[in-house]
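Geometric and topological summary
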Amino acid sequence: VQLQASGGGLVQAGGSLRLSCAGSGIINRLNRMGWYRQAPGKQRELAATITSDGSTNYADSVKGRFTISRDNNTVYLQMNSLKPEDTAVYYCNFKRISWYTVPDYWGQGTQVTVSS
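Residues numbered from 1 in each chain as written. Predicted model: local features only at pLDDT ≥ 70, side-chain atom pairs only at ≥ 80, totals over all residues. Heavy atoms only, no water.

1. Topic: the pattern of salt bridges
The following threshold applies: Note on definitions: salt bridges are taken to be side-chain nitrogens of Lys or Arg within 4 Å of carboxyl oxygens of Asp or Glu. The way it works is that DSSP assigns letters per residue, a run of H or I at least four long becomes a helix, a run of E at least two long becomes a strand, and they are numbered from the N terminus. Think of it in three bands: with a 1.4 Å probe and only protein chains considered, a residue is buried below 20% of the maximum accessible area for its type, exposed above 50%, and partly exposed in between.
Summed over all chains, the structure comprises five salt bridges. A salt bridge links Asp86 to Arg37, with the nearest nitrogen and oxygen atoms 2.9 Å apart. Here Arg37 lies in strand 4 (residues 31-38) and Asp86 lies in the loop between strand 8 (74-79) and strand 9 (88-96), a separation of 49 residues in the sequence. A relative accessible area of 5% means that Arg37 is categorised as buried. The closest approach of N and O atoms between Lys63 and Asp60, which form a salt bridge, is 3.1 Å. With relative accessibility at 64%, the residue Asp60 sits in the exposed group. Salt bridges here are not isolated pairs; linked through shared partners, they connect Arg37, Glu45, Arg65 and Asp86.

Shown next, in the form of structure tokens:
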């Protein structure tokens, strides 16, 4: 599995950005794709995920502002009303949904910087 992320950048508070992540080598089984983020000096945390059957999950801090969507094995994160605290490196993630232990796959991070 390979994940190619794009779409980060610098934006003023209140602005919008859209992240994309294209997955390849993904076998058509139930899985979850999503975005995690890591701010300087902090642990990586969930932003939003979406399963292959369309179920979504959002961190409380982004609910109502971020929207995750998916087109086959490409996942998008529309980020509106951005705040300085959204500044982080955003990482795309893929994981099969299984009763067994399965690996996480990560894309390269993309920097999102929100200026006040």
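2. As for the nonpolar core
Within soluble globular proteins, side chains that are nonpolar tend to cluster in buried spots. Heads up, the rule is: We define the nonpolar core as a collection of buried residues of types Ala, Val, Leu, Ile, Met, Phe, Trp, Tyr and Cys that are connected through side-chain atoms lying within 4.5 Å of one another.
Core analysis: the largest hydrophobic core is formed by 28 residues, its most contacted members being Trp35, Leu77, Met79 and Tyr90. Within the residue set of this core, elements represented by two or more residues are strand 1 (2-6), strand 3 (17-24), strand 4, strand 5 (45-51), strand 7 (66-71), strand 8, strand 9 and strand 11 (110-115). Ranked by residue count, the leading element in this core is strand 9, at four residues.

3. Thoughts on unusual backbone geometry
For Asn72, which is not glycine, the phi dihedral falls at a positive 55°. Within the secondary structure, Asn72 sits in the loop between strand 7 and strand 8. Positioned with a positive phi, Ser81 is a non-glycine residue whose angle comes to about 50°. Position of Ser81 among the secondary structure elements: in the loop between strand 8 and strand 9. Judged by its relative accessible area of 40%, Ser81 falls in the partly exposed class.

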